[in-house]
Each structure stands twice: as structure tokens, then as C-alpha cells.
Amino acid sequence: MPTRLAAALFSAAMTGLGVLFAAGPEWRTPVRLAAAVCAILALAWGIRRHRPTHRGPWQLLGAAVALSAVGSAVYGAGPALTGKLPWLPQLGIAVLLTFYPVLALALFGFIRLRTGGRRDRGGLLDALTLTCGVGLLSWTFVIGPQVRDTALSAGDRWIAVAFPVGGLLCLGLLTRLLTATGRRVIAAGLLAGGVLSMLLADVVANLATRHDDLSNLAVFGRIPLFAGVGLAAVLPSMTELTRTTPRTSDELGRVRLALLALASLVAPAVLVFQMGVDGRVPDLKLIAALSACTFLLVLARMAGIMASHRMAMARERGLREASTTLVSAKDAEEVADAVRKAVAQLLPPDVPHRVVLAMAYTEPGQPISPEAAAQSAQDRAAGTSARLVATRDVDWAVAVRLTQFNMVLRCPLVLADRPNGDPLVGVLHVGGPTWALLGLQRALEVLATQVALALERIALSEEVIRRNSEAYYRTLVLNTSDVILIVDDEDRIRYSSPSAVTVLGGDPVGATLPDIIHPGDRPRLAEVLAAVRCGEVVHEGLDFRAVGRRRTEVMLEMHCRDLRTDQTVAGLVVTLRDVTERRQLERELTHQAFHDALTGLANRVLFADRLQHALARGARDGSVVGVLFIDLDDFKIVNDTLGHAVGDQLLVQVAARIAGALRADDTAARLGGDEFAALVENVQDPGAVEETATRILAALAEPIMVDGEPLQAVASIGITTTPEADNADELLRQADLALYVAKGAGKNQWRRYQSHLHGAMVERLELRSALDHAVNEGHFLLQYQPIVSLASDEAVGFEALVRWYHPTRGLIAPDQFIEVAEESGLIVPMGRWVLDQALHTVAQWRRTLPRTRQPYVSVNVSVRQFREAGFVEQVRASLDFAGVPPQALMLEITETLLISDDEQIWSDLEILRDLGVRIAIDDFGTGYSSLGYLRQRPIDVLKIDKMFIDDMVNNDQQFALVRGILSLAHTLNLTVVAEGIEDATHREILAQLGCPLGQGYYYSSPLDATEALTWLRNPQPIAA
């Protein structure tokens, strides 16, 4: 149904009901009920048709209409009903009194929605002042006579007072709503008319107790209320009553000033009236109190106007200071600083805000999105008119810097008649509370004009300086020996400096850049040009081969800059320098300094340098570095019997076979005479170094042909790795000692360093032997440390920690024997036992505890366990044997495993994850792994290492790092567990940062299975 037709039908219906109501007393109660039903139906139709943003206030209006109609009907029940039910009139009065609070709540809801929750001190004071004036009139002519009437009972007097008080409450809220409405809203006027008619009817009802001729008009007053409410809901403007309006000015208009003046004159008028009529003033104290209250409200209103005036003066002063700063600004950054300072002065003190100055810039030749084009067109049309928009509706690059605010004041910087033709200089954005932004709007428009002028002045100054310097740079380019080329998007050369003829043998203008480069270097050239155009950082001084003036190959050092956005260049600037002789000399000198002249292998200097770099890299990523000393057995016999020439040929062949047995990452070196060395790096297991030694011996096992004669090269090899030492000198010493041991044990074999003279080596061997016995005899036990939810301090899981009970040394921590177990391979059976025991324990817990508290268990897994065939089947079998679901198990792996290229390991982890087992990275942040691997690997949980938690309280960098890890994990949808929570400070900081889980001695030390179950039932901190 069209809105106009609905409004006409409703108006006609209410008019007819009003006529019928006035026709006869016997129809009044049914007519009132029918009018109420019509109003409620109109409310429901209007809500469904116009869909206001908030329905609550309109629904409360419907409830108020229903209460009014029902209360009037019950109160006006005939003698037939009141005779049987004498309490009906009292019930009707109670319902009618309930009508006022419900109506007041509806009006308050409209006020909250219209103001958007902002503070409007002036409107509130105006409403209170008017209410005080009307309240004084109400007391004088309505409430006071009822209170002083001794003929009425106490209950009747209270009822007579309650109705006017409720009316005053509604009048005050209605006045506040009208002052908050801003521009004229038809629905608000209709609603106000209905409420005022009802309030006037209440006054008439009170007067009707002494004047019976006014009673009919009092009863009729509810019909206009119903009509006003229903008609307001039918009109489309009803949606504006639940929509936030812009902040209105604090200045007093003529109507509001007149109403305030009348309210202020009520008290003296009442005094004059009572003295003139009655010759006395019955309620002088009350009149004096209300008069004082009205005076104080008016005084507060004037103080608010003065404060607004002072704020305006401060803003004017801030604009003058900003104008002075902008005149002297030298670049856009200084302009932005001046704008930020000016906005801080224009806003009230301590108001949170942020300023973003976005410059208008379009990539040449690049299309812009339709949304951006529409936004720019709107900015150009609006001029410097500021408008309030939602943060999500501004440009993405600006919105990310203003995410803490819901609304942004957007003011375009527009200048007509700019030299480039585009009037849009940029856009000024200010984020802050809505009420503060509304007051800043006009001042920001003035500031935007000054900013636009300052930016245009800076741009024009830069253009003048650029043109003055062009002649200077042109002279330099024409006389430089370097070749300067300008290349377009199709790699075609548009300009070349005069030196190109000397270096390249001709003018390359018109040809493509790849045409002058050697065919073998063209793919690399294409990659470099593509990277430069994409804005990536490219290594400067790249060398490319080209054909020179005499058709000979020359080496060119290339530098490239992307100046496509510069209108004077509009392309890539490529600088070429002839470095042929320099590179040849560098190669010769470098090779002589770092390589053996006979074999071509690295010499002792280069080997030592690469060993230092390998140790540094291994310290970062946790990889193993191995050093092999290789010495030919009985080589002196070859020199003595066959001569040094044959010996040299044999050394060359041996060097080739040693180098061929190594990987591409490894280094072979000749240290002198028949001594060789090999550097093995980027391996995770010392066993890989031993495999390298085996390959070298196998390579030397075949006879070597020298001058047609087969010779046998037998070698002894000494091995050492970084687990035995962490510096170059110690590794070289240990490898030499291991070589001595290998020679003493016989020929054609290798020996790994074992210092029998060093107590630690002896102790390590003893520990390995005892560990082997402990694995066979089962001398291990598990302890469990709770993993707690920081939000509820309840345990959600436990980490299983293995302990070794040594018969003489007592309880040994894992850090003292895990490494030995890794080297010896004992970690595999030990890890199998830990997994089975942990699953058995958690199965017992889950059978004992209720379903709402079912913890999981976290088990550390070694890399060697993954490399064992059938690891996935072992985990599946352990889960089935224990009878627990896969979700009850989390496997912790080391961070260094992230960079492993063993696809079988990651395939197994993917299978386990699909099964339901969660995968966690232990001690995250200490392994120097690439964050890119977190997206590529099947990972569910990150465990932040204890050292970050310990240092974050007093170390801002560590605090920022922990917050960054939490943000990264949230982005990648990963769960975070913070290790090493030692005190309440750690817990509070992590909870504020949004860390979900944690563990540490603040909650509990590691417990055995029974203690852990007790802790689950009654979680109390246990001292370590």
C-alpha cells in the first residue's frame, strides 16, 4: 500500500473515531480501544514498511498506547463491573500510571539514537529550564491545590500528584528530543503534537475534578495521542527519529531563547498572580527553590555559550598559527606536521585523534577502480567541504591507519586553475570521536584551504628548481664515459648518451636492450628488468656480457632505476660501464689468493674463511658443520720411486675424486703436500658427515691411471663436527687428532674425534652406555606440566616431560641426555615409550574426569623418529591401544624442522593432522626459521620460548616481538602457548595481548600422573 494512501486512511479513521467519541458517552470506551488498535496497527505497518535502523523506541510507543487504552477502559468500567469487581478502578489507575514511564523510555530511546550518544550540554540545560518553568505552573495550579485539599484521602492525593509528575517527565524528554532533532522532521512534530495533547488532557483532567464542564475534553485527549503516534509511524520520516543527526550549534535560536525567557519569568508571574487573586503565596519556599533552580540552569547555559565562544577563539588562534607555519613549510612532510599540530589545537584537550594527509596521485597509464574514480569525482565536486564518513568507506591505505576510530572527517584539498589541470591536491582525514569531529568541521575546512595553497606552493617551487638544474645535468650526461640509456615498457631504447658509440660500436636507439646483450645473459636481464618494474630491490652493479666496437665480448656493469613515474623520463634509466679489464684482473687475483695452484682446490686461507662462515650459519639455523682431514697413506713412496711429476699428477687426480664425492654445498681444499680437507655444511645430523667420509674412501678405492700406469691412492680420514666444538681452531685441532687416530688404526679408514684425554668425552661415552642400559631396562618416568587457558586459568592440556632416573646420579633432566640419545639413535625407542606412556596416562584421566574437562597431552618428537619407517602407523596404533581420540594428542617438533626439505616428513605430518592430531612448533623464535614456512607447513600451534617471556616485562623490543608473534599467529589462524610464565605479571601481560594459552611455574611445576589428576580437580599453584 502506498504511504500517502495509508496516511490518508489512518487520518480518516482517527477523525471518524474522534467524531464518534464526541457523539455520545456510551461509545467512548470502545472508541478509545479502537483508536489504540488502529495506532498499534499503524505502528506495526510503519516499522515493517520503512524498516528503521532501531525498532525499540517504536515498539515502546506501541506498548505505551496499549497501556493507555487498557488503563482508560478499566478505569472507566461501568457500575455493573465495578460493583462486582470494586478494585477495577484502582487497577486502571495503576495501568495508567505505568503508561508514563513506558512513554518516557520510548522518548529517551529516540534521544539516544538521534544524538548518537554524544554530549549536548546546551540542549539538556534548555530542556531542564523549560521543565522547571512548566513544573512551577503545574504545582501552582494543578498539584498544589490537590495536595492541600483536605477533602481528599492520602491515596487520592498521591494519585493526583503522580499524574502531573509523569507528565512533567515526558514533557522534559520531549523537549530534549525536539532540541536534538536538528532540522525539521515531520514525524517528530506529529509525535510531539500527540504527546502535548495528551499532557494538556491530563492537566484538564486534574482541573475537571473541580470543573465538571471540562471532563469531556479531558477524556478526549487520548485520541490525539493515538493519532499522532500512528501518523508519525506511517510517514517515511519515522526512520529519521532513529538516525543520528549532525551536531547542532550551541547558539540560541529565537524560539529557544523565547522559551527560556518565558520559563525564567514563570516564578515572578506566579507570585504576582497569587498575590493579586488570593492575596497570599501558599508555597513561597517551593516557588523560591524552583526559581533558583531555573536561574542556575540559565546561568549554566550562559557559561556553556561562553565556553563555546572561547573554543572558537582558540580555534581561530590555532588557524592563524597554522597559517604562519604552512607559509614557511619546505616540503609535504613539514606541511603534515603543521596540520597535525593545528588539529591538536582545534580539538578539546585530551581528545584521542589521528590525522592522515593523503596526496592525490595516479600511476600514469594505470586505470583506477570505479570506486576510487567515484570518490575522487565526489571530492572535486565537494571542494573543501568536510563531510563525516565511516572509516570503512575511505581509501584502504588511509583506513588501516585509522582503524581505532569508527568515523572519519574527510575534507578534500581543492584548488581551481592549477597548472596541471586537476583541482584535487589531496584529501585531509581526521579520525576521532564523532562528537569532536562534528565540532571540528568548519575549522577543518578553513585549514584545508591553507594546506592546499601550501602544497601547491611547494610543488611550484620544486618545479622551478628542477628546470634550473636540467641544463647542468644535461652537460654531465653528454660528457660522461658511462653509457646512459632510457628504455620503454617494451625494452626498446628511446635515448642513449654519446658514449654508447664508443662502448657498443654504434648508436643503439631504436633497438631493444636484449639485442645488445649476450644471448646467454638475456634471461637474467629479463628477470632484472621485471624485478625493477615491480618495485623489488635489485642488487646494484650486475655484470652482463655484450658485443663491443670490435665485435669482441665486453663486460658491462649495469645499474637500473625505475623512473616511469617521472614525466621527464617515463622509462627505465639503465647505466652501463665497461669493466672488462677490471673483472679479468679481479678474477685472476682472487683465484691466486684463494686456490691451490696445482689442483685448483681451495687453499688453506679460503678453507678457513668458509669454515668461519659455515660456523656462523650453523649457529643461526642449528645445522651441523663437519671438518674432514684427508691424508694419503704412503705418498712419499710415490714421490721417491716415480718422481715428483707423477706425484703431482696423482695429487691432481685425487683432488678431482675428493671434490666429486662432495655435495655442491661442501668445500674441498688442499692444505699442503698430500694433505687435503673437506668442509661439510647445511646438514642436520652428524651421521651425514660420516657418510661423506665413506663416499670419499669409496671414490679413492678405484685405481688412478697416471701415464698409463694404475696407482692406488689410500687415504686416512679424521672427522669432527660442531657437536664436539664450536670454533674453527678447535675443530681443526680435533680433526687433526682424529686423523692421527685413523692412521694409527690402519689404512683406508676414517675415525671420528673422541678425546680420550678429555674428561667430558669420557663422561659422554659413559652416559651413552648408561643410557643404552636405561632404555633396555625402562629407567624413565614422565612428568606433566599443565597448559592453562589464560582467560579462565583452567588446564586444557599437559606437556609430557621425560626424566631419567639414574641409579647413582639420581633424576637427570632431558637437556643432559637427549642429545646423546639423538646421536646414538636411542631417541627412537625412548620416544616410542614416551608416546605410549603419555597416551595411557591421558586415557586414565579422560575416563575419570567429566566430559567438560577432557585434557590433551603434548609429546615432543625427534626428527629421527620421523625418519623411521612407519612412524605414522606407530602413532595410530598407540592411539588405538590407549583408546583415546586423535584430538587428545599434540606432537611438538623443533623449529629447525620447518626448513627441512624432507618431503616425507611433511607428508607424514599432513597425514597425522588429517587424522586429528595437532602439530606444534616448540621454542618458536629461537631457530631463525623463515616465517614463510608457517603458511606452507601443517602447523596448528606455536609455543613461544621462555626467554621471550622472561625479557618482555623490562625489554620493549622483546615485548614488541611477543606481540608480533601473537599477531602473526592470529593472522595465520594458529594457537599460541606461552612457555615460562613465572609470575602474575607475565600472566597479566600475555592475557592483555590476547595470548590464549600458557604454561610455567606460576601455575605448577611438572607433576607426576597422580599429582596432575589431583591438580586437575583442584588447580592450585605448587611451588617449584
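Definitions and cut-offs
- Residues numbered from 1 in each chain as written.
- Predicted model: local features only at pLDDT ≥ 70, side-chain atom pairs only at ≥ 80, totals over all residues.
- Heavy atoms only, no water.
- Helix = DSSP H or I, 4+ residues; strand = E, 2+ residues; numbered from the N terminus.
- Buried < 20%, exposed > 50% of the residue type's maximum accessible area, 1.4 Å probe, protein only.
- Contact = heavy atoms within 4.5 Å.
- Areas by Shrake-Rupley, 256 points an atom, 1.4 Å probe, with all protein chains shown as cover.
- Core = buried A, V, L, I, M, F, W, Y, C linked by side-chain atoms within 4.5 Å.
- Pairing = 2+ DSSP bridges.
- Axes fitted to C-alpha atoms, helices over the stretch in contact; angles between N-to-C directions.
- Salt bridge = Lys/Arg side-chain N within 4 Å of Asp/Glu carboxyl O.
- Expected span 1.5 Å × (residues − 1).
- Parallel < 35°, antiparallel > 145°, perpendicular 65-115°, else oblique.
- Left-handed = near helix turned anticlockwise from the far one by under 90°.
- Nonpolar A, V, L, I, M, F, W, Y, C, P; charged D, E, K, R; others polar.

Enquirer: Just to check I follow, could you spell out the overall build of the protein chain for this structure?
Expert: If you tally the helices and strands in the protein chain, you get 35 helices and 25 strands. Relative to its full complement of 1024 residues, the protein chain shows a buried share of 45%. Long-range pairs, those at least 24 residues apart, make up 66% of the contacts in the protein chain with a sequence separation of at least 6. Summed over all atoms, the accessible surface of the protein chain reaches about 51900 Å², with 57% contributed by carbon and sulfur.

Enquirer: Help me out: how do you make sense of the side chain of E456 in this one?
Expert: The topology assignment puts E456 in helix 16 (residues 434–479). With sequence-adjacent residues up to four places away left out, E456 is seen in contact with L415, R418 and P419.

Enquirer: How should the environment of R243 be read in this particular structure?
Expert: If you trace the backbone, R243 turns up in the loop between helix 10 (222–234) and helix 11 (254–277). Among all residues touching R243, those that are not within four sequence positions of it are L113 and R114.

Enquirer: In this structure, what is going on with the nonpolar core? I would like to understand it.
Expert: Note that soluble globular proteins tend to have their nonpolar side chains buried in a common cluster. If you look at the biggest cluster of nonpolar residues, it comprises 76 residues, and the most contacted ones within it are L889 and L891. Here the element with the most residues in this core is helix 27 (residues 827–848); it accounts for ten residues. Each residue touching L891, except ones within four places of it in the same chain, is listed here: L835, V859, V861, F871, L912, V917, R918, I919 and A920. Counting residues in each nonpolar core, the second largest holds 53 residues, with A7, L199, L225 and L241 among its members.

Enquirer: Please explain the sheet that holds strand 6 (residues 493–496) as it appears in this structure.
Expert: Sheet strands pair by backbone hydrogen bonding; their relative direction is either parallel or antiparallel. With antiparallel pairing, five strands are arranged side by side in an open sheet as 6-5-9-8-7. Each of the sheet's edge strands pairs with one partner strand only, and the pair in question is strand 6 and strand 7 (542–547). The mean angle between the axes of side-by-side strands here comes to 35°, regardless of whether they run parallel or antiparallel. Looking at chain direction, strand 7 and strand 8 (residues 553–563) are connected through six bridges and run antiparallel. Across the sheet, V547 pairs through a bridge with E553, a residue of strand 8. Lying on the sheet, helix 18 (residues 522–533) is in contact with strand 5 (483–487), strand 7, strand 8 and strand 9 (571–578); it crosses strand 8 at an angle near 20°. Relative to strand 8, helix 19 (residues 580–594) is tilted by about 110°, and along the sheet it contacts strand 7, strand 8 and strand 9.

Enquirer: What am I meant to see in the pattern of salt bridges here?
Expert: Pairs may arise between side chains of opposite charge once their charged atoms sit close together. Under the criterion given, the structure shown has 24 salt bridges. Of the charged contacts, one joins K943 and E799 as a salt bridge, the two residues approaching to 3.0 Å between their closest N and O atoms. Of this pair, K943 sits in strand 23 (residues 941–944) while E799 is found in strand 18 (residues 795–806), placing the two residues 144 residues apart along the sequence. The pair formed by K943 and E799 is uniform in burial state, with each residue classed as buried. Between E873 and R876 there is a salt bridge, with the nearest N and O atoms lying 2.8 Å from each other. Highlighted residues: E873 and R876, both in helix 29 (residues 871–882), separated by three residues, approximately one helical turn. Given a relative accessible area of 27%, R876 falls into the partly exposed group. Several salt bridges converge on common partners, so that one network encompasses E799, E892, K943 and E979.

Enquirer: Would you mind showing me how to read the environment of D729 here?
Expert: With respect to the element layout, D729 can be found in helix 24 (residues 728–745). Spatially, the C-alpha atoms of D729 and A608 are 9.2 Å apart, while their sequence positions differ by 121 residues.

Enquirer: How should I be thinking about helix 22 (residues 644–661) in this particular structure?
Expert: Along an α-helix, a turn takes 3.6 residues, which lines up residues three or four apart on a common side. In a regular helix each residue adds 1.5 Å, so 18 residues correspond to 26 Å; helix 22 covers 26 Å between its end C-alpha atoms and thus fits that length. Residues of helix 22 that are buried include every one of V646, G647, L650, L651, V654, A655, I658 and A661, and no others.

Enquirer: Honestly, the pairing of strand 18 in this entry has me stumped. Any pointers?
Expert: Two faces, one strand: in a regular strand the side chains alternate between the faces of the sheet. For strand 18, the tally of buried residues reaches nine of twelve residues, placing the bulk of the element in the interior. The pairing of strand 17 (residues 780–789) with strand 18 spans nine bridges and is classified as antiparallel. Each bridged residue has a counterpart across the sheet, and for L781 the counterpart in strand 18 is R803. Taking the residues that link successive antiparallel strands as the turn, the strand 17-strand 18 hairpin has five residues, and the phi of D793 there is positive, at about 60°. Here strand 18 pairs with strand 20 (residues 856–860) via three bridges, running parallel. Its bridge partner lying in strand 20, G797 is registered against Y856. In this sheet, strand 19 (residues 810–812) lies alongside strand 18 in antiparallel orientation, the contact comprising three bridges.

Enquirer: I would appreciate a short explanation of the packing of helix 27 against helix 29 in the present structure.
Expert: Any two packed helices are characterised by the angle at which their axes cross and by the distance between the axes. Contact geometry of helix 27 with helix 29 gives a least axis separation of 9 Å together with a crossing angle of 30°. As judged from the angle between their axes, helix 27 and helix 29 are roughly parallel. Two packed elements cross with a definite hand, and for helix 27 against helix 29 that hand is right-handed. Together, R832, L835, D836, L839, H840, A843 and R847 of helix 27 and Q874, V875, S878, L879 and A882 of helix 29 make up the contact between the two elements. Partitioning the contact of helix 27 with helix 29 into residue classes produces six nonpolar, three polar and three charged.

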